[in-house]
Each structure stands twice: as structure tokens, then as C-alpha cells.
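# Fold and contact review
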Amino acid sequence: MTGCASSGVRNPSGTPVTELKADEAGTVRGTGVESQDLVAVTDKMARSILNVKQIANAQNPPLIVLDPVRNETRFPINKDIFLSRISGQLISKAQGKVQFLARDRWETLQKERELKRQGQVTASSDPTVQEFKGADYFLTGKLQGLTVKAAAGTSDYILYSFELIDARTTVIVWADQAEIKKQGLEDAAYR
Amino acid sequence: MNRARWPLVLAGCLVLAGCATTPPTKLAFTGDPLADGENAIQNGPPRDRVLWEYRTALVAMRQGKYDIARRDLESAVARLMNLYGPDKSAKEARSLFKAEARKTFIGEPYERVMAYYYRGILYWMDGEPDNARACFRSGQLMDSDTEEKTYASDYVLLDYLDGYVTDRLGGDGADAIKRAEASAKMWKPPQFSSNANVLVFVDYGAGPTKFATGEHAQELRFRCNPSSVRSALVKVAGATGKAVPYDDLCFQATTRGGRVMDHVLANKAVFKKTTDVAGNVALIGGGAVLATQHSRDAQIAGMAMLGAGLISKVISASTVPEADIRTWDNLPAYLSFVALELAPGQHTLQVEFLNEAGQVLNALTKTVVLQIPEGGRDKVIYVSDKSITPQML
């Protein structure tokens, strides 16, 4: 039977798909930004924004535009995902306390308005009236990193900073941060 | 045959059939590097997947098929980023009886650096300079664990581009630029123009390849391949940019120093040799005892020595200390970069490759027709001496 042992295909049946929660650390790990970090950071930011007095006490829901996050770490990431999740959390849980302007759909919206103005499609209001709204606040952020690599492994610290900027005065009315540090060491075969 | 024996024979056949394994699929190569690469990624051994992704991505970039390059490098870089902790294939590669090449290939540091470098170029092409910078930074980190710290993180272009992007994004890239200047051994990178809107990445020559030396091929070595191309000129709209070599991949491959894995392989080689010698001694000794001593005890001892010798020889023969010489074999030798400022509109850019004497190698000249949009983002161009020509961007 020992003679039958082969070095052919390993794990020939594959590995079944495992469903994980987004805030759960899986078995495939790196020292960069992972889904559990995204969830933890954006949850914290969404909760924090709702406590800002300019939002909590506003007579009318403030209008917010998302300005892309700046990535200053060593990890290439999909930067929009942070603001998408924060805005998604706010829209679904803040019960209309804030509203977001769809500036990332600007071209599509402009085209639609143009079609209405030209009478090529129907309009429920006078399309010549300017109804596109301006922002009260900009929500933006920055990811900064610090990396150490030594014989003992690689350590990555990431500081997630987010800000809400008053579009009229440029005052930063809210800022919050989250920080995550991870370390790991690759197998000796790769060192 | 006796009918009573049929069940036994059948049972034996079934046991043997159960042992049969499907042999690994032999890859058929067509000569089209892109098709062959795609096929190898899909159907080749999983441990070689990243190697083929590297190779195929570079072929695709040279053919202007950036979507394919993006997909393959995305996958390869994701693997590079999740390298930590136990890895079954790597553990096997460290074991006495499995070759180093059993491990999932991610390449030597200079190969990992280049995966990040090319991914960075693609991010910049897509209008994401901060993600490009992230790749350049990660690339530099891949080169940080050299034996001699003098050669750690010493890619000129990676620091230069880090500083360049930082400056373009409104930050202070001065430190990174200083590091680039300090690392420059061939040419110092030029002062960059903040107004440049056309960024040309040029590479040329043949990159290093790997081979193994030592009694059991346990020592990994790099071969620097001769290159007829030693420099390049980027010509457009009456302006000429010198695409001189800032980084030499052969220098990078050969200045990394010893790996941890080299010690593992050296130990495997010593074990192989020791068990071989011990086997020889036991076989000769056992044979001698059997030939000269005739007492029952001596015969038993002689047989035991022969048996031990055989076992030792088998163990020696099963020990695999060979170094992994799988290579990202279509890498260039030299890396360069030119930044230009061009007015909006259509331009025809030419890249001329020069030999050591500074003569133009006409057969290698590449043409790129590019459209600069009004007030648009940076136009990022990649040209190799192996690129197709003309390219329309």
C-alpha cells in the first residue's frame, strides 16, 4: 500500500466554499486591508458621524458628497469601498438624518437632464429649472501606513482617517480615526 | 484458473486500480506566448500558476492587451500579499524528500518586485496614481531583506516614482527622491516636471535567468544574459527624452545574498551525501563480513549491515536538495522612465533602442500613436523592446 502513495494531484476534490461573515477573519490572511477591517472601520465612522451636532441638530438633512479616499499605504485597494459602506450604513440606519448626492453618476444624470430639456423623454417637472443640489459637506478620508520588515516578519500599521468638511467654510466639522496593526512571517521557503 | 481464485484476482485488480492516479496534464505549447500562458494558468500545476501569471501578464502588456495583464497581475499580487503563516507546499519544499520546486512559485525578490512594478504601471494607466504608488512601495519592501543591507530596497525607479506620485498628489516626495538618488548606480533620475502629462515606462534587454550549481544542484545562481540594447530615446513632437537604465535586474538578482532556503537546501545536500557515504560503508563492510566470516552470528551481522546500507542508500537517493530554478523568463534587464509634457491632441511617439555604442537598432524602434485629451489625466505608456508596434492609445 505504501508503494501506492503518489505525488500526483494534491487535494484533487478541491476545497468546498466556506461562507464567512464580512467582519470575520478568514484563514486566508495578509497584513493589508481586509474585509473585517473595512467593516470595523466603517461601522465606527458611521456611528461617529451621527453624533456630530451639525448633523444631529440640523433642521434639514445635510447634503453630503463623497470625495475619494486617498491611499498612502503600500497596499493597493479599492478606495471607493470605504465611503460606499459608510454612506450605505448612514442611509440605511440614520433614518434620513443625512442625504448623499450621487456625484459619481454625474455624467449619466446630466445626460438624462439634457434629454428632458430637449423633450426627448418625459419630465415630471420643468427640466430647465436647476434642481441639481450642491453639497453641504464633503466626506473624505485618508489611509496611511507604516511598515516594518525584519527577520521576525512584516508588520503593517494602517491609520484610517475620515473627515467631514463644510463645503461653504472649508471647516473640518468632524474627524475620526481607526488604527489596525498586523504582523506575519512567511514560510522559510519564501525567505 | 481455479474459480475459487477469481474473487482474489478481482480484489487485487480493484486495489491496484484504486492506486492509479491521473498523471499531471502535460501542457501543449502552440508557440503563441499569450495563448500558451493562458492555457498554463488554467490547466498547469497550481504551484506554477503565479509564474505563468507573471509571464503572461508581461506578454499581454507588450501586446497592448492591458486587461489581460491587469487580471493576471491582480491575481499574482493577491497571492504575494497573502503569504504569511503555514503553507503546505512550502513545508513540503523544506522537507528532505521533496524538491524546492514543489512550493507554490512566487519568485525570488526581484521577480516579486517586478510584479508590483508592472501592477503599479497599470494602476497609473487607470488613473489611480495612489494605488500605483502603493505597488511601488510594496515592491521596494520585497527587496528589503537582502543579506547586505547596502543592497536593501535600492530600486531607483521605485523610490523615484513614489516621490513623483506623492508630489503629484500634493504631498512631499523629497525623501523618496533623495533615496532614489542615493541608490542610483548607473544614472541619477532627473528632476521631474510637475507639468508632465505623458509618463513613458521603457524597459529593454533580457532579464536574469536561474540555474543551479553544487554537487546536488542545491545552490541557486543567476545568469546575467547579454543585452544588445543598453539605452533608449523617446521622441515626440520635436522633444527627445533619454530612457537611460536606472535599474538593472541582474544587479538586483545577484546582490540579494543568501536565502534562508539556501541553508535548508545545503542541509539537505549534506544529509544526502552523508547517508550515501554511510550506505557505501555499510554495504562494503557488510559484504566484507559475509565474504570473510562464516560463523552464523557474523553472517547475520553482515546481512544486517547490508540491509542498513541499502536503506541508507535509498534514503540518500530519495533526498532532493535541488534548488528551484523556475524563472520569470521574459523579464527585461533594464528599467527606465521618461516624463514629458504634451499639448492636447494626437501625437506620434517613437522609442528608439540603442546599443552600447549609442547606435540606433532600427529593427527595434517602436511607434505609439496617442491621444492626449483636453485637461485629462496622465497618459501612461509602457514600451518594451519586445512590444508590438505600432500601438494606438
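Described in the following lines is the structure provided in the data block. Computed from a predicted model, the values in this text were never measured in an experiment. Sequence order as written defines the numbering, with residues in each chain counted from 1. A letter from A marks each chain and a number from 1 marks each ligand, given out in the order of writing. For a predicted model such as this one, the threshold for reporting local features is a pLDDT of at least 70, and the threshold for listing and counting side-chain atom pairs is 80 or more; totals across whole chains, interfaces and linings nevertheless cover every residue. Just so you know, side-chain values use all the structure's heavy atoms and leave hydrogens and water out.

## Points about helix α2 (residues 33–43) of chain B
Residues and elements named next belong to chain B. Each residue's exposure class comes from its accessible area (1.4 Å probe, protein chains only) as a fraction of the maximum for that residue type: buried when under 20%, exposed when over 50%, partly exposed otherwise. Secondary structure elements follow DSSP: runs of H or I of four or more residues count as helices, runs of E of two or more count as strands, with numbering from the N terminus. If you check which residues of α2 are buried, you get L34, D36, G37, A40 and I41. Axial view of α2: buried residues confined to an arc of 165°, hence all on one face. Any two residues whose heavy atoms approach within 4.5 Å at even a single point are treated as in contact. The elements touched by buried residues of α2 are α3 (49–62) and α4 (66–81). We call two N or O atoms a polar contact when they sit within 3.5 Å, provided that within protein one can donate a hydrogen and the other can accept it, with sequence-adjacent residues counted only if both atoms are side-chain atoms. A distance of 3.0 Å separates the backbone nitrogen of L34 from a side-chain oxygen at the start of α2, and that oxygen is part of D32. Taken from the helix axis, the directions to the C-beta atoms give the arc we talk about.

## Notes on the sheet that holds strand β6 (residues 247–248) of chain B
As a general point, the strands of a sheet are linked pairwise by backbone hydrogen bonds and lie either parallel or antiparallel. All names here are of chain B. Note on pairing: two strands pair once DSSP finds at least 2 bridges between them. Here four strands make up an open sheet; going across it, the order is β6-β7-β1-β10 and the pairing mixed. Two strands close off the open sheet at either side, each with one partner strand: β6 and β10 (379–384). In this sheet, β10 lies alongside strand β1 (residues 198–204) in parallel orientation, the contact comprising six bridges. The residue bridging V198 from the neighbouring strand is K379, located in β10. Interaxial angles span 0 to 180 degrees and are taken between N-to-C directions of axes, which are lines fitted to C-alpha atoms, for helices over the stretch in contact. In the packing of helix α8 (residues 156–168) onto the sheet, contacts are made with β1, β6 and β7 (334–340), and the angle to β7 comes to roughly 25°.

## Quick notes on the pairing of strand β9 (residues 366–372) of chain B
Regular strands show a simple pattern: their side chains alternate between the two faces of the sheet. Residues and elements named next belong to chain B. Judged by how many residues are buried, β9 sits mostly within the fold: six of seven residues are covered. Where strand β8 (residues 345–354) meets β9, seven bridges bridge the pair, whose relative direction is antiparallel. Paired with V351 across the bridge in β9 is K366. For β9 and strand β11 (residues 391–392), the ladder comprises two bridges, and the chain directions are parallel. Residue pairing across strands places V368 opposite Q391, the latter belonging to β11.

## Some points on the environment of I388 of chain B
All names here are of chain B. Tracing the backbone through its elements, the reader meets I388 in the loop between β10 and β11. On a C-alpha basis, the gap between I388 and K366 in space is 7.4 Å, while along the polypeptide they are 22 residues apart. Residue contacts for I388: discarding those within four places in its chain leaves R62, Q63 and K366.

## Remarks on the pattern of salt bridges
Any Lys or Arg side-chain nitrogen located within 4 Å of an Asp or Glu carboxyl oxygen qualifies as a salt bridge. Under the counting rule described, the total for this entry stands at 35 salt bridges over all chains. Between K182 of chain A and E34 of chain A there is a salt bridge; the shortest N-O distance is 2.6 Å. Here the residue K182 of chain A occupies a position in strand β6 (residues 172–184), and E34 of chain A occupies one in the segment before α1 (35–50), the gap between them amounting to 148 residues. Here K182 of chain A matches E34 of chain A in class, with each residue buried. R49 of chain B serves as the salt-bridge partner of E53 of chain B, at 3.0 Å between the closest nitrogen and oxygen. Placement of the pair is E53 of chain B and R49 of chain B together in helix α3, with a separation of four residues, close to one helical turn.

## Thoughts on empty space enclosed by the protein
Residue and element names in this part refer to chain B. Here the term cavity refers to a set of points on a 1 Å grid, laid over the protein atoms alone, in which a 1.4 Å probe fits but cannot get out; the term pocket refers to an open set having protein on both sides within 12 Å along at least five of seven lines, with lining residues being those that place an atom within 4 Å of a point. Grid points are joined across faces, edges and corners, and a volume is the space filled by probe spheres set on the points. Using the criterion set out here, one finds four cavities of 30 Å³ or more in the structure. Counted as a void, the largest cavity has a volume near 100 Å³. Lining of the largest cavity is provided by 14 residues; of these, K103, G107, E108, R259 and D324 occupy positions nearest its centre. Residues were grouped as follows: Ala, Val, Leu, Ile, Met, Phe, Trp, Tyr, Cys and Pro as nonpolar; Asp, Glu, Lys and Arg as charged; and all remaining residues, including Gly, as polar. Classifying every residue of the lining of the largest cavity gives four nonpolar, two polar and eight charged.

Don't take any of this as a statement about function, it's just geometry.
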